[in-house]
Amino acid sequence: MKMTRIFAAAIAALGFAGTAAAFEGDQHPPKEHHWHQDGPFGTYDTSAVQRGYQIYQEVCASCHSMDLMRFRNLGQQGGPFASDEFDNPNDNPIVMQIAASYTRVWDIDEVNDDGDPVERPGLPSDAFPAPFANEQMARASNGGAYPPDLSLIVKARSHGENYIYSLLTGYYDAPEDSHLSPGMYYNPYFPGAAIAMAPPLAEGIIEYADGTEATVEQMAEDVTTFLSWAGDPHMEKRKQMGVMVLIYLLIFAILVYLAYRQVWANVKH
Amino acid sequence: MSGPSTYKPGSGIEKWLDDRLPIIRLGYDSFVDFPTPRNLNYWWTFGGILAVFLMIQIISGIVLAMHYVAHEDYAFESVQRITRDVPFGWLIQSMHANGASFFFVAVYLHMFRGLYYGSYKAPREVLWILGVVIYLLMMATGFMGYVLPWGQMSYWGAMVITNLLGALPFIGDALREWLWGGFSVGQATLNRFFSLHYLLPFVIAAVVGLHIWALHVPGNGNPVGLEVKSKKDTLPFHPYYTVKDGFAIIVYLLIFAVFVFFLPTVLGHADNYIEANALVTPAHIVPEWYYLPFYAILRAITFDIGPIDAKLGGVLAMFGAIGILFVLPWLDTSKVRSMRYRPLTRWFFIFFVVAALGLGWCGAKNPDDFVMGIEGFKFLYLGQFLTFYYFAYFIVILPLMGIIEKPKERPASIEAAVLGSDKA
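Residues numbered from 1 in each chain as written. Chains lettered and ligands numbered in written order. Predicted model: local features only at pLDDT ≥ 70, side-chain atom pairs only at ≥ 80, totals over all residues.

Brief notes about the overall build of chain B
Scanning chain B from N- to C-terminus turns up 15 helices and two strands. Its C-alpha radius of gyration of 24 Å places chain B within 12% of the 22 Å reference for a compact globule of 424 residues. For chain B, the spread of C-alpha atoms along the three principal axes comes to 65 × 60 × 45 Å. Per-residue burial for chain B yields a buried fraction of 45% across its 424 residues. Long-range pairs, those at least 24 residues apart, make up 75% of the contacts in chain B with a sequence separation of at least 6. (Helix = DSSP H or I, 4+ residues; strand = E, 2+ residues; numbered from the N terminus. Rg over C-alpha atoms; globule rule 2.2 N^0.38 Å. Buried ≥ 20, exposed ≤ 12 C-beta atoms within 10 Å, placed from the backbone. Contact = placed C-beta atoms within 7 Å.)

Examining the overall build of chain A
Helix and strand counts for chain A stand at seven helices and four strands. Put simply, chain A runs from its N terminus to its C terminus through helices and strands in the order α-α-α-β-β-α-α-β-β-α-α. By the compact-globule yardstick of 18 Å for 269 residues, chain A is too spread out, its C-alpha radius of gyration being 24 Å. Considered along the principal axes of its C-alpha atoms, chain A spans approximately 85 × 60 × 40 Å. Residues counted as buried form 32% of the 269 residues belonging to chain A. Within chain A, residue pairs in contact and separated by at least 24 positions form 60% of the contacts whose partners lie at least 6 positions apart.

What about the packing of helix 6 (residues 125-147) of chain B against helix 9 (residues 187-216) of chain B?
Residue and element names in this part refer to chain B. Here helix 6 crosses helix 9 at 160°, and the two axes come no closer than 9 Å. What the angle tells us is that helix 6 and helix 9 run roughly antiparallel. As helix 6 packs across helix 9, the resulting crossing turns out to be left-handed. Looking at side-chain class alone, the contact of helix 6 with helix 9 contains 22 nonpolar, five polar and no charged residues. (Axes fitted to C-alpha atoms, helices over the stretch in contact; angles between N-to-C directions. Parallel < 35°, antiparallel > 145°, perpendicular 65-115°, else oblique. Left-handed = near helix turned anticlockwise from the far one by under 90°. Nonpolar A, V, L, I, M, F, W, Y, C, P; charged D, E, K, R; others polar.)

Notes on the domain arrangement of chain B
Residue and element names in this part refer to chain B. Along its sequence, chain B is carved into domain 1 (40-220 + 236-279) and domain 2 (286-424). Elements with a minimum of two residues in the side of domain 1 that touches domain 2: helix 5 (89-116), helix 6 and helix 7 (152-165). Considering only residue class, the side of domain 1 that touches domain 2 consists of 16 nonpolar, five polar and two charged. (Domains from an automatic or database assignment.)

Remarks on the interface of chain A and chain B
Between chain A and chain B, the contact holds 37 residues from the first and 36 residues from the second. At 16 residues, the largest contribution of residues to the side of chain A that touches chain B is made by helix 7 (residues 235-264) of chain A. Looking at side-chain class alone, the side of chain A that touches chain B contains 27 nonpolar, five polar and five charged residues.

Considering the domain arrangement of chain A
All names here are of chain A. Segmentation of chain A into domains returns domain 1 (22-69 + 128-233) and domain 2 (234-269). Placing the centre of domain 1 and that of domain 2 at their C-alpha centroids yields a distance of 42 Å. Opposite the seven residues of domain 1 that make contact, domain 2 presents four residues. Class assignment of the residues belonging to the side of domain 1 that touches domain 2 gives a composition of four nonpolar, two polar and one charged.

Notes on unusual backbone geometry
The amide bond that connects Ala122 of chain B to the next residue, Pro123 of chain B, takes the cis arrangement and shows omega of 5°. Along the chain, His238 of chain B connects to Pro239 of chain B via a cis peptide bond; the corresponding omega equals 10°. Relative to the elements of secondary structure, Pro239 of chain B occurs in helix 10 (residues 237-262). The phi dihedral of His159 of chain A falls on the positive side, at around 70°, and the residue is not glycine. Here His159 of chain A lies in the loop between helix 4 (135-141) and helix 5 (160-168). Residue class for His159 of chain A comes out partly exposed when judged on the 18 C-beta atoms lying within 10 Å of it. Phi at Ala193 of chain A is positive, roughly 65°, even though this residue is not glycine. Tracing the chain through its elements places Ala193 of chain A in the loop between strand 3 (185-186) and strand 4 (194-195).

Looking at the nonpolar core
All names here are of chain B. Formed by 101 residues in total, the largest nonpolar core has its most connected members in Ile49, Phe103, Ala106, Ile297 and Leu359. Among the elements that line this core, the one with the most residues is helix 5, at 17 residues. Two domains each donate at least three residues to this core, and these are domain 1 (40-220 + 236-279) and domain 2 (286-424). Look past the residues within four positions of Ile49 in its chain and what remains in contact with it is Ala106, Ala248, Ile249 and Tyr252. (Core = buried A, V, L, I, M, F, W, Y, C linked by C-beta atoms within 7 Å.)

Brief notes about the packing of helix 3 (residues 46-67) of chain B against helix 9 of chain B
Residues and elements named next belong to chain B. It is at 11 Å that the axes of helix 3 and helix 9 come closest, and there the two elements cross at 155°. For the element pair helix 3 / helix 9, the angle class is roughly antiparallel. Every pair of crossing elements has a handedness; the one defined by helix 3 and helix 9 is left-handed. Of the residues in helix 9, those touching helix 3 at Ala51, Leu54, Gln57, Ile58, Gly61 and Ala65 are Tyr198, Pro201, Ile204, Ala205 and Val208. For the contact of helix 3 with helix 9, a count of residues per class yields nine nonpolar, two polar and no charged.

Some points on the confidence of the model for chain A
Here chain A shows a mean pLDDT of 90. Residues at 70 or above account for 90%. pLDDT under 50 marks residues 6-24 of chain A. Its contacts with residues more than four places away, or in other chains, come to 20 contacts. (pLDDT = per-residue confidence, 0-100.)

Details of the confidence of the model for chain B
Across chain B, pLDDT averages 95, with 98% of residues at or above 70. Scored as a whole, the predicted complex attains pTM 0.93, and scored at its interfaces, ipTM 0.92.

Some thoughts on the environment of Ile58 of chain B
Residue placement: Ile58 of chain B occurs in helix 3. Separated by 144 residues in the primary sequence, Ile58 of chain B and Phe202 of chain B have C-alpha atoms spaced 8.2 Å apart.

Here's the deal with the environment of Phe128 of chain A
Residue and element names in this part refer to chain A. Among the structural elements, Phe128 can be located in the loop between strand 2 (119-121) and helix 4. For the pair Phe128 and Met69, spaced 59 residues apart in the sequence, the C-alpha separation amounts to 5.8 Å. Setting aside residues up to four positions removed in sequence, Phe128 forms contacts with Met66 and Met69.

Listed below in structure tokens is the structure:
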């Protein structure tokens, strides 16, 4: 029937209307990179998430917070240090050790009997410590720029992982006709192509615990994978359940369709 | 409801209850024995689909409200906490956010169905008007719901839409401040939007009750647009349409599940994963996709019309685009309901659907960009042309066509159409 086809085309068109994102002026479209977590069955590459956490911890965390993260997240199902032995991530020794490596006042409302804030080693339930107490302090230390929180950064940018990866590997010498203000760096993947963040990754700035060679591309891929996991920690569970739900609904649909044929078998319509 | 009740209480307790509160009788007459035209196609299944989605939204929404914090400092984080730490919170949140989109897809298909098959014509005007009321309530509910996660698009979308009220003469500023509960979108706005977002779905449910009541007086329309004339034209709702609607609902849920589980963020906007910030305006503020056609109409009026300035003109056009649906039953002068028998108007309708989608496209784009890169052909101009057609369809084409168009010959009855007198 003609109308059916027209509506089908209409729905398809709706799908496209919202997605296309415009790139302003000098901004380059992001590089196309393949991700282990892509596709309906894609999972996070656990060793990449582990290496990525190391990069975050040793490099990014000096300027960028991850306010939504708790240490226990690292040990939960699907996390980089998840272990079958420890169902409860709060009992996971790796997580406990990471948390305990930070000693500070975690909560100004947590006071001793004299009313003074308590300084203590971190627990798995504590949040990732932020590098700056507030936005003003962050700006004062970064030439006026505010390093964004990274908890959701992959979801918060169109083109997600590809954008972050492109940005981290996208520092080039500025073309001669560009007018970079002092303290700005040329990066054509950033809107406006001038970014206040100095190139964060350089060959060999890190020694990977697992012996992987620390090239800029490798580090960019690893930290992006880590950030992707951090923004969507239940992705694997979501996809697994999705497959089961689709199979269930498909069988259900077939059964109901057969019932429909049966009920309508002797009726003209 | 329509026709005498055929319900016979099957047991003593049913008889006892039937003499006191005939609620089983009501259910039986409305959803079991209800005579339904035998020729309904799948476009008639969206009513049932919409009822299911209203329930999905209400139930998932109540669970979300148990964990949500309507405070400008905590709202964003509380929604993220739901997706991270609440057991299955990621699922409930994804169902609710994507459910809104699927609710709107279904309502648009339901409305286009009504426009194509003339479901708004006598004796179903009140049924149609109640439907438009539901649609308006859905728009308000969806808009306020989108504000609650308190991301950048939530905040700035709320800012743009509430600022429209400021365009109204004399009362505009006062009205806007009254709605905000302050001098800008802020804590008071968020709190009241949460309250109203919780309230309105129940108002929708009540109007849906009236909508179904108004449906059950004249009964369903149908693809050939003829009234039911004899028992042979109809089938009991159960099992014929319960099983057909059921199949359609499951297929629709299947598509829904693909989005909930595999594409949970694709219908949203990346900027809404950045917490609301009154000091940073996003590069492009776009509403959710289901408002885009009206957003395009709003932006199409860039010129003053007499004493009405462009801004107010845009606001009036946007509300007028929905308002005109209320009087549609009296604008369409044709006695023929179904477009199947209206050879000319049918094409105008098809172009109307294209125009509505095209307006959605314009709404998503920057008005000053060029359509498909064609130099000089701005999205603004396309939007203006399609806005013109949108209104012309209702104000000029439908009234005129009823007079000048010669409809095709129609079958004698639904039964005749079904039994293949090759007129359908």
